[in-house]
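Single-letter residue listing:
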Amino acid sequence: MNKALIGVATAAMSASGLAASFATETVGAVPAGWTCGVTGRGQPHWAVVADPHAPSGSGKVLQQDGAGTFPWCVKGGTSIANGFVEVKFKPMRGREDQAGGVVWRWKDGDHYYVARANALENNVSLYYTESGSRKTIKYVDAPVASGAWHMLRVDFSETRIAVSLDGKRYIEVDDSHITGAGAVGVWTKADSVTAFDEFNAGATAP
């Protein structure tokens, strides 16, 4: 699917896709229906926290402030083979990493795609995770300010994957390592303390 077709398909599905602003969630708890964990080792801590500056205006965001190899939190009941996933994220602190990402075609904590943006490295990157091992597909330099909200979006159709940050497309490649439908969610790395808001995802026809 070319760029124009990806854009048309995702625009058509945006209104009917899954959306989460965490407005009705309990502060201090994992959002209802979400499952959180880590690929590798560590003790990640995912919870809804109060944030008067949340982009959604809800006053609440989902935050990861623990540490682990690759912490993730996925929305239960989602199964998307072709579609989009996007989220607003704010990298706040971290000595090793200040990253925010999204996962899709998530089968389990050891098998999924992930795209992330990193404020310490000022780049956007695309990976696949297989048998718990993260493999790099592509890195691209991009401005990622710490302490600021950004929008990360991935459009995926069959083998085509397009990654955009703040409305600009940085990566577009073909990759077939993870196929079929899977869950969608958010992701961080190492000691990143990152907030997430306005999570959206939806399915499209290939």
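Cut-offs applied
- Residues numbered from 1 in each chain as written.
- Predicted model: local features only at pLDDT ≥ 70, side-chain atom pairs only at ≥ 80, totals over all residues.
- Heavy atoms only, no water.
- Helix = DSSP H or I, 4+ residues; strand = E, 2+ residues; numbered from the N terminus.
- Rg over C-alpha atoms; globule rule 2.2 N^0.38 Å.
- Contact = heavy atoms within 4.5 Å.
- Areas by Shrake-Rupley, 256 points an atom, 1.4 Å probe, with all protein chains shown as cover.
- Core = buried A, V, L, I, M, F, W, Y, C linked by side-chain atoms within 4.5 Å.
- Buried < 20%, exposed > 50% of the residue type's maximum accessible area, 1.4 Å probe, protein only.
- Pairing = 2+ DSSP bridges.
- Axes fitted to C-alpha atoms, helices over the stretch in contact; angles between N-to-C directions.
- Salt bridge = Lys/Arg side-chain N within 4 Å of Asp/Glu carboxyl O.
- Phe/Tyr/Trp six-rings, centres within 6.5 Å; stacked < 30°, edge-to-face > 60°.

K.L.:
Any chance you could explain the overall build of the chain here in plain terms?
P.N.:
The secondary structure content of the chain amounts to one helix and 15 strands. For 206 residues, the compact-globule estimate of 2.2 N^0.38 gives 17 Å, and the C-alpha radius of gyration of the chain, at 15 Å, lies within 12% of that figure. Judged by the C-alpha coordinates and their principal axes, the chain covers about 40 × 35 × 30 Å. Within the chain, contacts between residues at least 6 apart in sequence are counted, and of these 66% link residues at least 24 apart. When the accessible surface of the chain is split by element, carbon and sulfur atoms take 50% of a total near 8,400 Å².

K.L.:
Whenever I open this one, the nonpolar core confuses me. Can you help?
P.N.:
Generally speaking, a soluble globular protein has its nonpolar side chains buried in company with each other. Val85, Trp104, Val154, Val163, Leu165 and Phe199 are the most contacted members of the largest nonpolar core, which has 37 residues in total. Those residues in contact with Val85 that sit more than four places away from it in its chain are Val102, Val103, Trp104, Leu152, Arg153, Val154, Phe156, Val184, Gly185, Phe199, Asn200 and Ala201. Residues Phe70, Val74, Trp106 and Val114 belong to the second largest nonpolar core, which totals ten residues.

K.L.:
It is not clear to me how the sheet that holds strand S7 (residues 99–108) should be interpreted in this structure. Could you clarify?
P.N.:
With respect to topology, seven strands assemble into an open sheet ordered S2-S5-S14-S7-S8-S9-S10, the strand pairing being antiparallel. Because the sheet does not close on itself, it has two edges, and the strands there are strand S2 (34–43) and strand S10 (133–141). For this sheet, the mean angle separating the axes of adjacent strands, direction not counted, is 20°. Summarising the sheet, S7 and strand S14 (residues 183–187) pair through four bridges and their orientation is antiparallel. In the strand pairing of S14, Val102 is matched with Val186.

K.L.:
Would you explain the pattern of salt bridges in this entry?
P.N.:
Side chains that differ in sign of charge can pair as their charged atoms come close. Tallied over the full model, the rule gives ten salt bridges. Between Arg116 and Glu121 there is a salt bridge, and its shortest N-O distance comes to 2.9 Å. The exposure class assigned to Arg116 is buried, which follows from its relative accessible area of 1%. Residue Glu121 is classed as partly exposed on the basis of its relative accessible area, which comes to 37%. Each of Glu86, Arg153, Asp155, Arg160, Arg169, Glu172 and Asp174 takes part in one network of salt bridges that share partners.

K.L.:
Can you walk me through the packing of aromatic side chains in this structure?
P.N.:
Ring pairs (aromatic) are described by centroid distance and by the angle formed between their planes. Summed over the entire model, instances satisfying the criterion amount to eight aromatic pairs. Ring centres of Trp104 and Phe156 lie 5.8 Å apart, and the angle between their planes is 25°; this geometry places the pair in the stacked category. In this pair, Trp104 sits in strand S7 while Phe156 sits in strand S11 (residues 150–157), placing the two residues 52 residues apart along the sequence. Classification of Phe156 as buried rests on a relative accessible area of 2%. For the ring pair Tyr127 and Tyr139, a centre distance of 5.9 Å and an interplane angle of 85° mean the geometry is edge-to-face. Of this pair, Tyr127 sits in strand S9 (residues 123–130) while Tyr139 sits in strand S10, and the two are twelve residues apart along the sequence.

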